[in-house]
Amino acid sequence: MAQKPSIPKGTRDFNPEQVAKRNYIFNTIQGAFETFGFQPIETPSFENSDTLMGKYGDEGDRLIFKILNSGDYLSKADEEAYNEKDSNKLTSSISEKALRYDLTVPFARYVVQHQNEIEFPFKRYQIQPVWRADRPQKGRFREFYQCDADAVGSDSLWQEVEFIQLYDSVFSALKLDGVTIKINNRKILSGIAEVIGASDKLIDFTVALDKLDKIGEEKVKQEMLDKGIPQSGIDKLQPLFSIKGDFESQIRSLKTILSTSEEGKKGIEELAFIDNATSELGLKTAKLQLDVTLARGLNYYTGAIFEVSAPEGVKMGSIGGGGRYDDLTGIFGMPNMSGVGISFGLDRIYLVLEELGLFPETVSKSVEVLFINFGEKEALFSLKAIKALRAEGVNAELYPDKAKMKKQMTHANRRDIPFVVLVGEEEINSNKYALKDMEKGIQEKVSLEVLISTIKKKS
């Protein structure tokens, strides 16, 4: 019995309509990246294991797909590890390469390796797939695309201002109104931890604070107590729990809370600068919101932290995020390379556009006109017209076989092709084409010029 075909868990096939919709998002993002001066790079789908391992923490290392060495890999295996069945030790001797886990570490490697060819500041974008040996579940895949943009080699806050404009530009182009760009600053979180006497517990403090929306104020306070943060410190936090209102009023509240922290005050200055510049420039569809509980990627980001949420009423996690980091390339021996970067969550953006019906009808349009095949002579006459249509940017094709008329018309219907052209002896003699509008059911004989202009008008 033949084996039933399947694909690995956590991977997906995409049909022509899905690919067209994904390409619509890719092209929109790519167009914005290039308008904003970002340059494309690509890195290999797999890297040397030592480039990736140890860069994502223990959890991340476990999720990296390792590639077996080619040839007789067991002959070079660590014998002791093999006999002891020590998989960690054995892996390093039989696998020297691994699939990339994200685009950030390969980018850091790229910057260090090509530092003498790169003109800094360097603005790069990268749209490529990544792989994670994760447990597949709804919305989480083992293979997925990342769309990243980073600016390295400058600590100017104008970069953050530009990234907010970039987010707004993309979501505006996708007609996705009501997106919220949340912003915070690592220095503010460090300042709050300092003020409440919990600098040594910054991660515990922010992990608890990050849950405020989900579990509420009392449970957050309890979690902080459980982590050893003193009650006196938690009492000082009270104004933080009630920070509300617009950007400026939240900044005023933070100035009061962080009056004794130099680090915190620096974070406030940075946020105020970004807010003032953004207010002056304006946003088309997105809104900028200060969120002091935002703490994503804390052991990675050193300044601004971004997270983008879908419009209200759409149940979806973040559809983008990023932030400022001060030492991207330090892991490869090139210290003090400051940068800021953002990413777009392609799969989630796709689901949001689908839910809100925001994909243009024309996005999955493939063939606009099908020529019916009545025989060799007619096919050749048709192909001359098809060549002219294609030269005008119209997607046109000839049905390849001289099949029954009904079969060819059914084929056009099933593929939602809007126009069909019939060419017989009469049409060849008069140099005309019988053009049928499949939606209206109207058929008329037209010249090649009218044929082209009619189809172009509708497309």
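Residues numbered from 1 in each chain as written. Predicted model: local features only at pLDDT ≥ 70, side-chain atom pairs only at ≥ 80, totals over all residues. Heavy atoms only, no water.

The secondary structure content of the protein amounts to 20 helices and 16 strands. Taken over C-alpha atoms, the radius of gyration comes to 29 Å for the protein, far larger than the 23 Å a tight globule of 459 residues would show. In terms of overall dimensions, the protein has C-alpha extents of about 95 × 65 × 45 Å along its principal axes. Out of the 459 residues belonging to the protein, those deemed buried represent 47%. Contacts spanning at least 24 positions in sequence make up 69% of the contacts within the protein whose residues lie at least 6 apart. (Helix = DSSP H or I, 4+ residues; strand = E, 2+ residues; numbered from the N terminus. Rg over C-alpha atoms; globule rule 2.2 N^0.38 Å. Buried < 20%, exposed > 50% of the residue type's maximum accessible area, 1.4 Å probe, protein only. Contact = heavy atoms within 4.5 Å.)

Let's shift gears to helix H20 (residues 448-458). The complete set of buried residues in H20 reads Leu451, Ile452 and Ile455. The buried residues of H20 occupy an angular sector of 95° when the element is viewed end-on, so they sit on one face. Turned more than 90 degrees away from the buried face of H20, the exposed residues are Glu449 and Lys457. In this fold, the buried residues of H20 make contact with strand S12 (369-371), helix H17 (376-391), strand S14 (419-422), strand S15 (433-437) and strand S16 (442-446). (Arc of directions from axis to C-beta.)

Time to look at the pairing of S15. As a general feature of sheets, a regular strand has side chains that alternate between the two faces. Taken across its 5 residues, S15 has 4 buried, putting it largely inside the fold. Bridging between S15 and S16 involves 5 bridges; their strand directions are antiparallel. Opposite Lys436, over in S16, you have Gln443 as the bridge partner. (Pairing = 2+ DSSP bridges.)

This part takes up the environment of Gln113. Along the chain, Gln113 falls in helix H6 (residues 104-113). Separated by 221 residues in the primary sequence, Gln113 and Met334 place their C-alpha atoms 9.9 Å from one another.

So, about the domain arrangement of the protein. By domain assignment, the protein separates into domain 1 (16-356) and domain 2 (369-457). For domain 1 and domain 2, the distance between their C-alpha centres works out to 51 Å. (Domains from an automatic or database assignment.)

With that settled, consider unusual backbone geometry. Residue Pro121 is reached from Phe120 by a cis peptide bond, and omega for that bond is -5°. The backbone phi angle of Lys175 is positive, close to 60°, even though this residue is not glycine. Here Lys175 shows up in the loop between helix H7 (158-173) and strand S7 (180-185). Judged by its relative accessible area of 54%, Lys175 is exposed. At Asn336, a position not held by glycine, the phi torsion is positive, near 60°. Mapped onto the elements, Asn336 comes out in the loop between strand S10 (318-325) and strand S11 (339-344).

Turning to the sheet that holds S15, a few remarks are in order. What the 5 strands build is an open sheet, ordered S13-S12-S14-S15-S16; its pairing is mixed. The strands lining the two open edges of the sheet, one partner per strand, are strand S13 (396-398) and S16. Sheet twist, expressed as the mean angle between neighbouring strand axes with direction ignored, is 25°. As paired elements, S14 and S15 share 4 bridges and run antiparallel to each other. By the bridge assignment, Val421 is partnered in S15 with Leu435. (Axes fitted to C-alpha atoms, helices over the stretch in contact; angles between N-to-C directions.)

Let's shift gears to the pattern of salt bridges. Scanning the model with the defined rule gives 22 salt bridges in all. Overlapping salt bridges bring together Arg12, Arg22 and Asp347 as one network. (Salt bridge = Lys/Arg side-chain N within 4 Å of Asp/Glu carboxyl O.)

Right, let's talk about the sheet that holds strand S2 (residues 46-48) for a bit. As summarised here, the arrangement of the 3 strands in space is S2-S4-S3, forming an open sheet in which the pairing is antiparallel. Edge strands, defined here as strands with exactly one partner in the open sheet, are S2 and strand S3 (66-67). By the bridge criterion, 3 bridges tie S2 to strand S4 (residues 97-99) in an arrangement that is antiparallel. When the bridges of S4 are listed, Asn48 appears paired with Lys97.

The geometry of a pair of packed helices is captured by two quantities: the angle between their axes and the separation between those axes. For the pair H17 and H20, interaxial distance at closest approach is 11 Å and the crossing angle is 45°. The angle between H17 and H20 places the two elements in the oblique class. Here H17 and H20 pass one another in a crossing that is right-handed. In contact with Ala385, Ala388 and Leu389 of H17, H20 contributes Leu448, Leu451, Ile452 and Ile455. Of the residues contributing to the contact of H17 with H20, the split by class is 7 nonpolar, no polar and no charged. (Parallel < 35°, antiparallel > 145°, perpendicular 65-115°, else oblique. Left-handed = near helix turned anticlockwise from the far one by under 90°. Nonpolar A, V, L, I, M, F, W, Y, C, P; charged D, E, K, R; others polar.)

With that settled, the discussion passes to the pairing of strand S8 (residues 287-290). Burial of S8 is one-sided: the residues Leu288 and Leu290 facing one way are buried, the residues Lys287 and Gln289 facing the other way are not. Strand direction decides the pairing type here: S7 and S8, joined by 4 bridges, are parallel. Following the sheet pairing, Ile183 is matched in S8 by Leu290.

A word on the side chain of Asp102. By the secondary structure assignment, Asp102 is in the loop between S4 and H6. Within the buried set, Asp102 has no salt-bridge partner at all; the shortest N-O distance to an opposite charge, 5.1 Å, is to Arg132. Here Thr104 takes part through its backbone nitrogen, which lies 3.3 Å from a polar atom of the side chain of Asp102. Of note is the side chain of Asp102, whose polar atom sits 3.3 Å from the backbone nitrogen of Val105. Leave out the neighbours within four places in its chain, and Asp102 touches Tyr56, Val130, Arg132 and Gln146. (Lys, Arg positive; Asp, Glu negative; His and termini not counted. Polar contact = N/O pair within 3.5 Å; in protein donor to acceptor, adjacent residues only side chain to side chain.)

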